[in-house]
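Listed below are the residues making up each chain.
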Amino acid sequence: MPTFPAAVVSRLPAVGTTIFTTMSRLAQECGAINLSQGFPDFSAEDVLFERVAHWMRAGHNQYAPMAGVPALRQAIADKVRALYGASYDPEHEITVTAGATQALFTAVAALVHPGDEVIVFEPVYDSYVPAIELQGGIVRRARLAAPDYRPDWQAVRALLSPRTRMIMINTPHNPTGTVWTEADLNALAALTRDTGIIVVADEVYEHIVFDGVHHQSAALYPELAARSVIVSSFGKTYHVTGWKVGYVLAPRALMTEFRKVHQFNVFTVNTPVQLALADYMADASRHLQLADFYQTKRDFFRAGLAGTRFELLPCAGTYFQTARYTAISAVPDTEFVDWLTREVGVAAIPLSAFFGDGRDEKVIRFCFAKRDETLTAAFERLGRFC
């Protein structure tokens, strides 16, 4: 085995293997039911796969245009206009990406300069901070407090400075399932008014909002849309997370900078899948009915854990359910999920992984994007021990 003959100076010295990879690997090693990493254990409709095969057989297997195939960008523009009343030019203001994580990284790489400050809300999804730090940006953290994890706009205001370049938001929120309100978006608009601050809005769970509530996209608010890079995900919407296809909406000036980086870190996304997604989007019910589909799973999951000692926290969106376990154990959350995986046979994610200082609120995250039989088996195991 070859050995590098010098010291390696890491640009991310504090970063190791992600908690999602760690827990999924442990679940596999232990034969545990994996409710940790956020992916479904069921498939999309066959018609979507048939459309991919159709375009492959039709010979569309070479590079797509850098920004994405025109048919898919037009379908995205049509969807966004129908849902949010916002008009984005498919030619200059929409880009198809290799998943949402690439989109988020590219937005930061394109728009954050060394010394710029970027505000994030923690618990924060794990890809945000490394992306900022790799560009020489300075992370400022606004804390979302349990149990409802709502933003404190006075605290956010206190973080603003002349060096604030960007605010990264995520609604519906991973890992907590919190959904921001109209008041939250208006507060954000007021805070950024008359500034050059860019908003990166991670809206990958935009179609998974429960109890009749409507997703408050930054695209709904013209003042915010004018300064926002909005990110969404086909993987989350159509149960195909492994395809790694997402998209970005942004005003032309911001998208111009975004594409300068996008063309060199990805260039383009695979062609037949893009064409298939454009076909599939023609039936709007496929995203409009997603909230009801996952609300049924949320309610099934919460009912299944009702007899345990877990304290289930609010879940207004996403396919994640957080739970406090203090009635079961007093150990740190990392130890608890290790025990849960090895001894109980159900894997979850510790929320401390989403805090820069490892803050431990004795809360863990389950993913309920699973078949009912998978969830039922998890209930049986959890019920015996918890």
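Because the structure is predicted, anything quoted here is derived from the model rather than measured.

Here is what the cut-offs are and how they apply
Residues numbered from 1 in each chain as written. Predicted model: local features only at pLDDT ≥ 70, side-chain atom pairs only at ≥ 80, totals over all residues. Heavy atoms only, no water. Helix = DSSP H or I, 4+ residues; strand = E, 2+ residues; numbered from the N terminus. Rg over C-alpha atoms; globule rule 2.2 N^0.38 Å. Buried < 20%, exposed > 50% of the residue type's maximum accessible area, 1.4 Å probe, protein only. Pairing = 2+ DSSP bridges. Axes fitted to C-alpha atoms, helices over the stretch in contact; angles between N-to-C directions. 1 Å grid on protein atoms, 1.4 Å probe; cavity = no way out; pocket = protein on both sides within 12 Å on 5 of 7 lines; lining within 4 Å. Points joined across faces, edges and corners; volume = space filled by probe spheres on them. Nonpolar A, V, L, I, M, F, W, Y, C, P; charged D, E, K, R; others polar. Core = buried A, V, L, I, M, F, W, Y, C linked by side-chain atoms within 4.5 Å. Contact = heavy atoms within 4.5 Å. Parallel < 35°, antiparallel > 145°, perpendicular 65-115°, else oblique. Right-handed = clockwise from strand over helix to strand, strands pointing away.

A. Looking closely at the overall build of the protein chain. Summing up its helical and strand segments, the protein chain has 15 helices and 13 strands in all. Radius of gyration (C-alpha) of the protein chain: 21 Å, near the 21 Å computed for a compact globule of 386 residues. Each principal axis of the C-alpha distribution contributes one length, and for the protein chain these read about 55 × 55 × 50 Å. Taking all 386 residues of the protein chain together, 55% fall into the buried category.

B. Quick look at the sheet that holds strand β2 (residues 94–97). Taken in spatial order, the seven strands of this open sheet run β2-β8-β7-β6-β5-β3-β4, and their pairing is mixed. With one partner strand each, in any of the chains shown, β2 and β4 (138–143) form the two edges of the open sheet. Within the sheet, the average angular offset between the axes of one strand and its neighbour, ignoring direction, is 20°. Pairing of strand β3 (residues 117–122) with β4, which is carried by six bridges, proceeds in the parallel orientation. Directly across from phenylalanine 121, in β4, lies its bridge partner alanine 142.

C. Spatial organisation of the layout of surface pockets. Its boundaries defined by the atoms lining it, the largest pocket holds a volume of some 1,200 Å³. Lining the largest pocket are 49 residues, and of these Thr18, Phe20, Tyr125, Asp126 and Ser127 lie nearest its centre. Counting residues per element, the lining of the largest pocket draws most heavily on helix α5 (residues 128–134), at five residues. The residue makeup of the lining of the largest pocket, split by class, is 23 nonpolar, 18 polar and eight charged. Roughly 310 Å³ of internal volume is contained in the second largest pocket. Contributing to the lining of the second largest pocket are 16 residues, with Glu206, Val213, His214, His215 and Ala291 lying nearest its centre. Counting residues per element, the lining of the second largest pocket draws most heavily on helix α13 (residues 290–304), at three residues.

D. Region of the structure containing unusual backbone geometry. Looking along the chain, the bond that leaves glutamate 122 and enters proline 123 is cis, with omega of 15°. Turning to its location among the elements, proline 123 is positioned in the loop between β3 and α5. The omega angle of the peptide bond from asparagine 174 to proline 175 is 25°, so this bond is cis rather than trans. The phi dihedral of tyrosine 149 falls on the positive side, at around 55°, and the residue is not glycine. Along the chain, the position of tyrosine 149 falls in the loop between β4 and α6 (153–159). Positive phi outside glycine occurs at histidine 239, with the angle close to 65°. Accessibility expressed as a relative area gives 17% for histidine 239, which makes it buried.

E. How the structure looks around the nonpolar core. Ile76, Met168, Phe310, Leu340 and Phe366 are the most contacted members of the largest nonpolar core, which totals 125 residues. Element by element, the count of residues in this core is highest for helix α4 (residues 100–111), at seven residues. In contact with phenylalanine 366, not counting residues within four places along its chain, are Leu35, Phe301, Leu305, Phe310, Tyr319, Phe320, Gln321, Ala323, Leu340, Val346, Ala348 and Leu382.

F. Summary view of the packing of helix α14 (residues 333–344) against helix α15 (residues 372–385). At a closest axis distance of 11 Å, the pairing of α14 and α15 adopts a crossing angle of 105°. With respect to each other, α14 and α15 are oriented roughly perpendicular. Where α14 approaches α15, its residues Trp339, Leu340, Glu343 and Val344 are matched on the opposing element by Arg381, Leu382 and Phe385. Class assignment for the residues of the contact of α14 with α15 results in five nonpolar, no polar and two charged.

G. Fine view of the pairing of strand β5 (residues 164–170). For β5, a buried count of six out of seven residues is recorded, marking the element as mostly surrounded by other parts of the structure. Alignment of β3 against β5, held across four bridges, turns out to be parallel. Bridged to valine 120 within β5 is methionine 168. Bridging between β5 and strand β6 (residues 198–202) involves five bridges; their strand directions are parallel. Opposite asparagine 170, over in β6, you have aspartate 202 as the bridge partner. After leaving β5, the chain enters helix α7 (residues 182–192) and then returns to the sheet as β6, a path that is right-handed.

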